[in-house]
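Survey of secondary and tertiary structure
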Amino acid sequence: MVILVVNCGSSSVKYKLLDMQEKKELVSGLAERIGIEGSKIKHEKADGGTLKLEQNLADHKAALEKIIECLTDDEYGVVNDIAEITAVGHRVVHGGEKFNKAVLINEDVLNELESLFDLAPLHNPPNVVGIKTCQELIPHAPQVAVFDTAFHQTIPDYAFNYALPYQYYEKYGIRKYGFHGTSHKYVSGRAATMLGKPLTDLKVVVCHLGNGSSITAVKNGVSVDTTMGFTPLAGLPMGTRTGDIDPAIIPFIMEKENLQPDDISNIMNKKSGVLGVSGISSDFRDLEDAEANGNERAALALNMFIYGVKRWIGAFGAAMGGLDAVAFTGGIGENGKELREKVLTGLEYLGLEVDAEKNNIRGKEQIITKDGGAVAMVVPTNEELMIAKETEALVIK
Ligand code: AMP
């Protein structure tokens, strides 16, 4: 079975084609700057060969048509005909309260997704465009929606409600939804496999640390709490997002600086986080270099992030009544070995004792703590594989 995984952003399409029998990724690619000057596609075959195209891609349809040409290209293609694609799995950011698992897409599902535009105005509309375009261009293949929020639908009401007048939850669906669910689910599953224990017996804290970061408490295989909230702005400070701040700061700044809702939202999403604090970069490598060169604000931004991760690990240990494992994933979690060591230092009381030698790795599955006690580990995430597996499971049924 060959599954195409599609992740449509407002001006980009990320894709991967996976052969499920062979458990093999065949090709991955990215179409960027769709509808903007300078559109391009990078198409990389897993066993070598990269095709780079710079050409006008007026809309998502044009981009997906070109991607299909690449997939079936004589030299860079991996299938002879699109008929070989069994199904398409779409990453959909928001499934609201309606979707607690992946779903086969039909007319009703599309209508439901459109009714969720309010909750994810930047993400769900391009996701739906991607689905409709694939339905048109690959009509024989069933399409599946895999939601970033679905894994978190098990969070109990006392953890997902905000202490606002209850009518806002009822009227507008204002509650914690959580994101990165596909990654948290994949990584917690791999963590159990690495430990050789059933996930249903484990308490795992998954730290997905990247440009966007979130931490999830996975107890007995289900999400019981997560740091992101109504939107992906909540929780840890991130590359450019604030994470949790005192909500009273928002009207205060708006008044002082004479800002409109869009202005303050832009500041909180794009100009804050470690970029805002350091004034240098949202990229953790730049911040580590600057810190090494004595830049105090870069050091402050990193320390705030490290403190945040540490604090949430402790909080989620409390939420679950203990913890068996902490799994690091995402660009920073997989590669930032110094950062991992700093996060774990001081958590010995939880049974986590980092082993410097084992921790000296990037981007591969490995336990990084000393034997005995709780375990910390690195688990490279693979959201596309998880989407493909969920798609396969629905299509086989
Ligand atoms: P992601 O959003 O998961 O792709 O993660 C992107 C983040 O990972 C960026 O902030 C990068 O700085 C960070 N990252 C990538 N490689 C490293 C590294 N070697 N050390 C520290 N951070 C890294």
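Note: the structure precedes this text.
It should be emphasised that the depicted structure is a prediction, and the values quoted were computed from it without experimental measurement.

**Some details on the sheet that holds strand S13 (residues 366-367)**
A sheet is described by the order of its strands in space; here six strands give the open sequence S11-S10-S9-S12-S14-S13, paired in mixed fashion. Every interior strand has two partners, whereas the edge strands, strand S11 (222-226) and S13, have only one. Against the sheet, helix H6 (residues 181-195) engages strand S9 (203-209), strand S10 (213-219), strand S12 (325-329), S13 and strand S14 (375-378), with an angle of about 130° to S9. Packing against the sheet, helix H13 (residues 337-344) makes contact with S9, S12 and S14, and its axis sits at approximately 155° to S12.

**Overview of the environment of Glu-365**
Checked against the element boundaries, Glu-365 lands in the loop between H13 and S13. Residue classification places Glu-365 among the partly exposed positions, given a relative accessible area of 30%. Between the alpha carbons of Glu-365 and Glu-334 there is a distance of 8.8 Å; along the sequence they are 31 residues apart. There is a polar contact of 2.8 Å between the side chain of Glu-365 and the side chain of Arg-190.

**Some remarks on a positive patch on the surface**
A surface patch of positive charge is lined by Arg-33, Lys-40, Lys-42 and Lys-52. Along the chain, the position of Lys-52 falls in strand S5 (residues 50-54). On the accessibility criterion, Lys-52 (63% relative accessible area) is exposed.

**Section: the sheet that holds strand S1 (residues 2-8)**
Strand pairing in a sheet relies on backbone hydrogen bonds, with the paired strands running either antiparallel or parallel. Pairing is mixed in the open sheet, where eight strands are placed in the order S5-S4-S3-S2-S1-S6-S8-S7. With one partner strand each, in any of the chains shown, S5 and strand S7 (103-104) form the two edges of the open sheet. Where S7 lies against strand S8 (residues 143-147), two bridges are found, and the strand directions are antiparallel. Within S8, the position partnered with Leu-104 by the bridge is Val-144. Here helix H14 (residues 383-396) sits on the sheet and contacts S1, strand S2 (13-19), strand S6 (87-92), S7 and S8; the angle it forms with S6, its principal contact strand, is near 125°.

**Some details on the pattern of salt bridges**
Counted by the stated rule, this structure contains 15 salt bridges. When the shortest N-O distance is used, the salt bridge between Glu-384 and Lys-16 registers 3.5 Å. Of this pair, Glu-384 sits in helix H14 while Lys-16 sits in strand S2, placing them 368 residues apart in sequence. Where salt bridges share partners, they join Lys-16, Glu-25 and Glu-384 into one cluster.

**Remarks on the site of the ligand**
Asn-211, Asp-283, Phe-284, Gly-331 and Arg-362 are the nearest of the 13 residues found near the ligand. A distance of 2.8 Å separates an oxygen atom of the ligand from a polar atom in the backbone of Gly-331. Between Arg-362 and the ligand, the recorded distance is 3.0 Å, taken from a side-chain N or O atom to a nitrogen atom. If the ligand stood free it would expose 500 Å²; the protein chains cover 74% of that surface. Elements represented by at least two residues in the shell around the ligand include exactly helix H10 (284-292) and helix H12 (330-335). Broken down by element, the residue count for the shell around the ligand peaks at four residues, all from H12.

**Thoughts on the pairing of S10**
In terms of burial, S10 is largely enclosed, as six of its seven residues are buried. In this sheet, S10 lies alongside S9 in antiparallel orientation, the contact comprising seven bridges. Bridge pairing in S10 links His-208 to Ser-214. Linkage of S9 to S10, two consecutive antiparallel strands, is achieved through a turn of three residues.

**Side note on the packing of helix H1 (residues 60-71) against helix H3 (residues 124-137)**
Contact pair H1 / H3: the axes reach a minimum separation of 10 Å and the direction vectors enclose 50°. What the angle tells us is that H1 and H3 run oblique. The two elements H1 and H3 meet at a crossing, and its hand is right-handed. The residues of H3 that touch H1, namely those facing His-60, Lys-61, Leu-64, Glu-65 and Ile-68, are Pro-126, Val-129, Gly-130, Thr-133, Cys-134, Glu-136 and Leu-137.

**A look at the packing of H10 against helix H11 (residues 296-320)**
Two quantities define a packed helix pair, namely the angle between the axes and the distance from one axis to the other. The contact between H10 and H11 brings their axes to 8 Å, and the two run at 125°. Compared by their axis directions, H10 and H11 come out oblique. Pair H10 / H11 crosses with left-handed handedness. Taken together, the residues of H11 that come into contact with H10 (itself represented by Phe-284, Leu-287, Glu-288, Ala-290 and Glu-291) are Ala-298, Ala-299, Leu-302 and Phe-305.

So, how was this worked out
- Going along each chain's sequence as written, the residues are numbered from 1 onward.
- With the structure being a predicted model, the display of local features is reserved for residues of pLDDT at least 70 and the display and counting of side-chain atom pairs for 80 or more, all residues being used for whole-chain, interface and lining totals.
- Side-chain numbers come from the whole structure's heavy atoms, not from hydrogens or water.
- The rule for pairing is simple: two strands pair if DSSP sees at least two bridges between them.
- Starting at the N terminus, helices and strands are each numbered in turn, a helix being any DSSP run of H or I of at least four residues and a strand any DSSP run of E of at least two.
- We call two residues in contact whenever any of their non-hydrogen atoms come within 4.5 Å of each other.
- Under this scheme, a helix contributes an axis fitted over its contacting stretch, all axes are lines through C-alpha atoms, and angles between N-to-C directions fall in the 0 to 180 degree range.
- Each residue is placed in one exposure class: buried if its accessible area under a 1.4 Å probe, protein chains only, is under 20% of its type's maximum, exposed if it is over 50%, and partly exposed if it falls in between.
- The term polar contact refers here to a pair of N or O atoms within 3.5 Å; inside protein, the definition further demands a hydrogen-donor-capable atom paired with an acceptor-capable atom, and it admits residues adjacent in sequence only when both atoms are side-chain atoms.
- Two distance rules govern patches: like charges are joined within 9 Å, and nonpolar side chains (Val, Leu, Ile, Met, Phe, Trp, Tyr) within 5 Å, applied only to residues with over 30% relative accessible area and no salt bridge.
- In these tables, accessible area is a Shrake-Rupley quantity obtained with a 1.4 Å probe, and a residue counts as shielded only by the protein chains included in the view.
- A pairing counts as a salt bridge when a side-chain nitrogen of Lys or Arg comes within 4 Å of a carboxyl oxygen of Asp or Glu.
- By the counting scheme adopted, Arg and Lys are positive, Glu and Asp are negative, and His together with the chain ends is not counted.
- Taken as the charge centre is NZ of Lys, CZ of Arg, CG of Asp or CD of Glu, depending on the residue.
- Being near a molecule or strand, for a residue, comes down to having at least one heavy atom within 4 Å of it.
- Note that the term roughly parallel is reserved for angles under 35 degrees, roughly antiparallel for angles over 145, roughly perpendicular for angles of 65 to 115, and oblique for everything else.
- By convention, the crossing between two helices is left-handed when the near helix turns anticlockwise from the far helix through less than a right angle, and right-handed when the turn is clockwise.

By themselves, these figures tell us nothing about what the structure is for.
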